[in-house]
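# What the coordinates show
Residue-level listing of the chains:
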Amino acid sequence: MEGLKRKDLLDIQSLTTEEITLICKSARYFKDLFTRSIKTVPVLRGKTVCTLFYEPSTRTRISFELAAKRLSADLINVTVAASSVVKGESLIDTVHTLEAMKADYIIIRHAASLAPHFLSKNINASVINAGDGFHAHPTQALLDAYSILDKRGSLEGLSIGIVGDIKHSRVARSDIEVFKRLGARVILCGPPTLVPDEFSAYGVEISYNLDEIIPELDVINMLRLQRERQKGSLFPSIREYHQQFALTVDRQKRGKQDLIVMHPGPINRGIEIDHQVADSPSSIINEQVTNGIAVRMSIFYLLAGGTPLEEMEKV
Ligand code: CP
């Protein structure tokens, strides 16, 4: 197989399982570069990458920017709040302007689900989805899968809990798809208002009791309560939410000794996860961030037509 035979990376559903595996394997090669004194390679020399974020971001935007720089691309970071978007310029006009400046890759985050899919049909540049509404966050899911592979070698047969605000989470939707594709058992957990029944159609198990499921889990992925997206009161109080669904020190002790603790960030310490757990040796939250750069380098490399690297066979 050669690279990704596609212009864009929009969601996990549109990737084959072979492509998901290829992205993770080539990420291993790019992660090895981080230990070298010269960390850049000329994969994207002469190419222009634009980050266009209509929603705030720390991890994803900086990670894409660093990945592009390490691949020797020219980088433009569009600050939407300081752009002509505030004068009413439309998404498509903004992106056509970037294309007129010869942008080769548009990395977009947008509050509207499917905004990246709309762009992909209307522009020639490669579009990479950095998070659209509640719909998808494919590069986060790929880095999550890579991070588990890095620790365990395989997801086959692992029990992975995704806990918290599933309803409003694009990360959960993409994680479910990638974890299941790689052979994991996925259990969603949270209050019924945040884990609607319709998720059972995704082929996952649903639990409303974290204490019951925690001993079974190999990996627990805690999600942020997205209070900015919640309409009305979806649980009685933060205190009650913490009592029932937070990953506390006591709950962590009831899990397997080698339980892997994950969180896509940003974390709300003391709400969905206690700070002692977030900072414990079982937590790979910071490794996820580092791995995100390697995974995004891999995605750029493969979208640019890169072929499998010999070193990948070592993974
Ligand atoms: N995980 C994630 O998407 O974080 P940011 O919102 O900081 O990019």
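Residues numbered from 1 in each chain as written. Predicted model: local features only at pLDDT ≥ 70, side-chain atom pairs only at ≥ 80, totals over all residues. Heavy atoms only, no water.

## Re the packing of helix α2 (residues 59-70) against helix α11 (residues 285-303)
This is how the line gets drawn: All axes here are fitted lines through C-alpha atoms, helices being fitted over the stretch that makes contact, and every angle between N-to-C directions spans 0 to 180 degrees. Going along the chain from the N terminus, every DSSP run of H or I of four or more residues is numbered as a helix, and every run of E of two or more is numbered as a strand. With respect to orientation, any angle under 35 degrees is reported as roughly parallel, any angle over 145 as roughly antiparallel, any angle of 65 to 115 as roughly perpendicular, and every other angle as oblique. Left-handed describes a crossing in which the near helix is turned anticlockwise from the far one by less than a right angle; the clockwise case is right-handed. Throughout, a contact is declared for two residues whenever any of their heavy atoms are within 4.5 Å.
Two elements in contact, α2 and α11, have axes separated by 8 Å at closest approach and are oriented at 55°. On the basis of the axis angle, α2 is oblique to α11. Read as a crossing pair, α2 and α11 show a hand that is right-handed. In this structure, α2 contributes R59, T60, S63, F64, L66, A67, A68 and R70 to the contact, and α11 contributes V289, G292, I293, R296, M297 and F300.

## Observations regarding the site of the ligand
This is how the line gets drawn: Residue proximity to a molecule or strand is established when one non-hydrogen atom of the residue lies within 4 Å of it. In the analysis that follows, any N or O atom pair within 3.5 Å is treated as a polar contact, provided that within protein one partner can donate a hydrogen and the other can accept it, and provided that, for residues neighboring in sequence, both atoms belong to side chains. The accessible surface values rely on the Shrake-Rupley method and a 1.4 Å probe; as for residues, cover is taken only from the protein chains in view. Of the grid points, spaced at 1 Å and generated over the protein atoms alone, those admitting a 1.4 Å probe that cannot get out make up cavities, while open sets with protein on both sides within 12 Å along at least five of seven lines make up pockets; any residue with an atom within 4 Å of a point is treated as lining. Molecule-in-pocket calls rest on the fraction of atoms, with more than half required to lie within 2 Å of the cavity or pocket grid points. Basically, the charged four are Asp, Glu, Lys and Arg, the nonpolar ten are Ala, Val, Leu, Ile, Met, Phe, Trp, Tyr, Cys and Pro, and anything else, Gly included, counts as polar. What fixes the domain bounds is an automatic or database domain assignment.
Neighbouring the ligand are the residues S57, T58, R59, T60, R109, H137, Q140, P264 and G265. Taking H137, its side chain carries an N or O atom lying 2.9 Å from an oxygen atom of the ligand. The separation between a nitrogen atom of the ligand and a polar main-chain atom of P264 is 2.8 Å. Alone, the ligand offers 250 Å² of accessible surface; in the complex the protein occludes 91% of this. Of all the cavities here, the one that holds the ligand is the largest pocket. When its residues are assigned to classes, the shell around the ligand shows one nonpolar, six polar and two charged. Taken together, domain 1 (17-136 + 289-310) and domain 2 (138-288) each give at least three residues to the shell around the ligand, which thus spans both.

## Considerations on the sheet that holds strand β9 (residues 260-262)
Test applied: The rule for pairing is simple: two strands pair if DSSP sees at least two bridges between them.
On the basis of which strands lie adjacent, the open sheet formed by five strands has the order β7-β6-β5-β8-β9 and parallel pairing. Taken across any chain shown, the strands that pair with only one partner, and hence form the sheet edges, are β7 (205-207) and β9. Averaged over all neighbouring strand pairs, the angle between strand axes comes to 20°, with direction disregarded. Pairing of strand β5 (residues 159-163) with strand β6 (residues 185-189) involves five bridges; the strand directions are parallel.

## Observations regarding the nonpolar core
For clarity, the threshold we go by: For our purposes a nonpolar core is just a set of buried Ala, Val, Leu, Ile, Met, Phe, Trp, Tyr and Cys residues, chained together by side-chain atoms within 4.5 Å. Think of it in three bands: residues with accessible area under 20% of the maximum for their type are buried, residues over 50% are exposed, and the middle band is partly exposed, with areas taken using a 1.4 Å probe on protein chains only.
Judged by nonpolar contacts, the single largest core of 64 residues is most densely connected at F30, L142, F179 and F300. No fewer than three residues from each of domain 1 (17-136 + 289-310) and domain 2 (138-288) sit in this core. With near-sequence residues (within four places) excluded, F179 lies in contact with D144, A145, I148, L155, I160, I162, A184 and V186.

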